[in-house]
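# An overview of the molecular structure
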Amino acid sequence: DGGITQSPKYLFRKEGQNVTLSCEQNLNHDAMYWYRQDPGQGLRLIYYSQIVNDFQKGDIAEGYSVSREKKESFPLTVTSAQKNPTAFYLCASSITSGGGEQFFGPGTRLTVL
Amino acid sequence: AQSVSQHNHHVILSEAASLELGCNYSYGGTVNLFWYVQYPGQHLQLLLKYFSGDPLVKGIKGFEAEFIKSKFSFNLRKPSVQWSDTAEYFCAFEMDSSYKLIFGSGTRLLVRP
């Protein structure tokens, strides 16, 4: 059963702690993306990666970091520098980095206390 | 800056009513256009897309959208909604077949049985 998995579904952290969100895909897609979804604001792009060992900042990269050591994995770290980290985080992938449909995971809801 | 405007944040309809959700984008170049839907408790999934050709595109579940280039619009329509269409709908566009999807803020549709 192909798709994108994100874990955990809900995550709670104390303020000042870094936290890493997992994203795995078995669709053999080259490109992967991280979005943040806030009520009334739609989805905003945090980081994206077109190929292994390469990634670029999106519109709201400050306070976040990523790695792409394997094609199927694209973890996102929310650092303590992110001023407002409580949000719903969505991972997506696509066959190519442009001109194609993106497939989304179920999301992780992060709450920072 | 490039953006997408979805005019209605909340829409409430009775079953069998007709639906039209507005979407306007701000970008003067070539675009690919998408409508995504997020049903309660489910992944964000593609409803329909426009890349080129016939500006009237048909998607899943009886939805269609019309690209009007002169108006920078891509409105979503369905002649007769069902209770199962209750969801949040997002319009998005991609500039010049780049990596980047720019999303609108979403429209929450509630269909009353």
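Structure's up top.
Here is a short report on the structure shown in this document.

Each value, and the rule that gives it
- Residues numbered from 1 in each chain as written.
- Chains lettered and ligands numbered in written order.
- Predicted model: local features only at pLDDT ≥ 70, side-chain atom pairs only at ≥ 80, totals over all residues.
- Heavy atoms only, no water.
- Contact = heavy atoms within 4.5 Å.
- Buried area = accessible area lost by both parts, 1.4 Å probe.
- Nonpolar A, V, L, I, M, F, W, Y, C, P; charged D, E, K, R; others polar.
- Helix = DSSP H or I, 4+ residues; strand = E, 2+ residues; numbered from the N terminus.
- Pairing = 2+ DSSP bridges.
- Axes fitted to C-alpha atoms, helices over the stretch in contact; angles between N-to-C directions.
- 1 Å grid on protein atoms, 1.4 Å probe; cavity = no way out; pocket = protein on both sides within 12 Å on 5 of 7 lines; lining within 4 Å.
- Points joined across faces, edges and corners; volume = space filled by probe spheres on them.
- Disulfide = S-S within 2.5 Å.
- Buried < 20%, exposed > 50% of the residue type's maximum accessible area, 1.4 Å probe, protein only.

Time to look at the interface of chain A and chain B. If you look at the interface, chain A gives 21 residues, while chain B gives 20 residues. For the pair chain A and chain B, the summed buried surface comes to about 1,600 Å²; carbon and sulfur atoms form 56% of the total. Tallied by class, the residues present in the side of chain A that touches chain B amount to 9 nonpolar, 10 polar and 2 charged.

All names here are of chain A. Considering the arrangement of structural elements, one finds Thr 79 in the loop between strand 8 (76–78) and strand 9 (87–94). Between the C-alpha atoms of Thr 79 and Gly 16, which are 63 residues apart in sequence, the distance is 7.8 Å. When residues no more than four places from it in sequence are discounted, the contact partners of Thr 79 are Asn 18, Gly 63, Tyr 64 and Ser 65.

What follows deals with the sheet that holds strand 8 of chain A. Residue and element names in this part refer to chain A. On the basis of which strands lie adjacent, the open sheet formed by 4 strands has the order 1-3-8-7 and antiparallel pairing. In this open sheet, the two strands that pair with only one neighbour each are strand 1 (4–7) and strand 7 (64–66). The sheet shows a mean angle of 20° between the axes of neighbouring strands, direction not considered. Where strand 7 lies against strand 8, 3 bridges are found, and the strand directions are antiparallel. Following the sheet pairing, Tyr 64 is matched in strand 8 by Val 78.

The computed volume of the largest pocket comes to approximately 600 Å³. Along the walls of the largest pocket sit 28 residues, with Gln 37, Phe 88 and Arg 109 of chain A together with Gln 38 and Arg 108 of chain B positioned nearest its centre. Elements with a contribution of two residues or more to the lining of the largest pocket: strand 4 (31–38), strand 9 and strand 11 (108–112) of chain A together with strand 10 (87–95) and strand 12 (107–112) of chain B. Taken together, the residues that form the lining of the largest pocket break down as 11 nonpolar, 12 polar and 5 charged. Lining the second largest pocket are Gln 41, Leu 43, Arg 44, Leu 45 and Asp 59 of chain A together with Ala 1, Gln 2, Lys 100, Leu 101, Ile 102 and Phe 103 of chain B. Of all elements in the fold, only strand 5 (42–51) of chain A together with strand 11 (101–103) of chain B reach the threshold of two or more residues within the lining of the second largest pocket. Classifying every residue of the lining of the second largest pocket gives 6 nonpolar, 2 polar and 3 charged.

Another point: the state of the cysteines. Residue and element names in this part refer to chain A. Under the definition given, this model contains 2 disulfides over all chains. The disulfide partner of Cys 23 is Cys 91, and the S-S distance across this bridge is 1.9 Å. Where Cys 23 bonds to Cys 91 through sulfur, the torsion about that S-S bond is close to -75°, and the disulfide is left-handed. Of this pair, Cys 23 sits in strand 3 (residues 19–25) while Cys 91 is found in strand 9, placing the two residues 68 residues apart along the sequence. Cys 91 gets classed as buried once you look at its relative accessible area, which sits at 0%.

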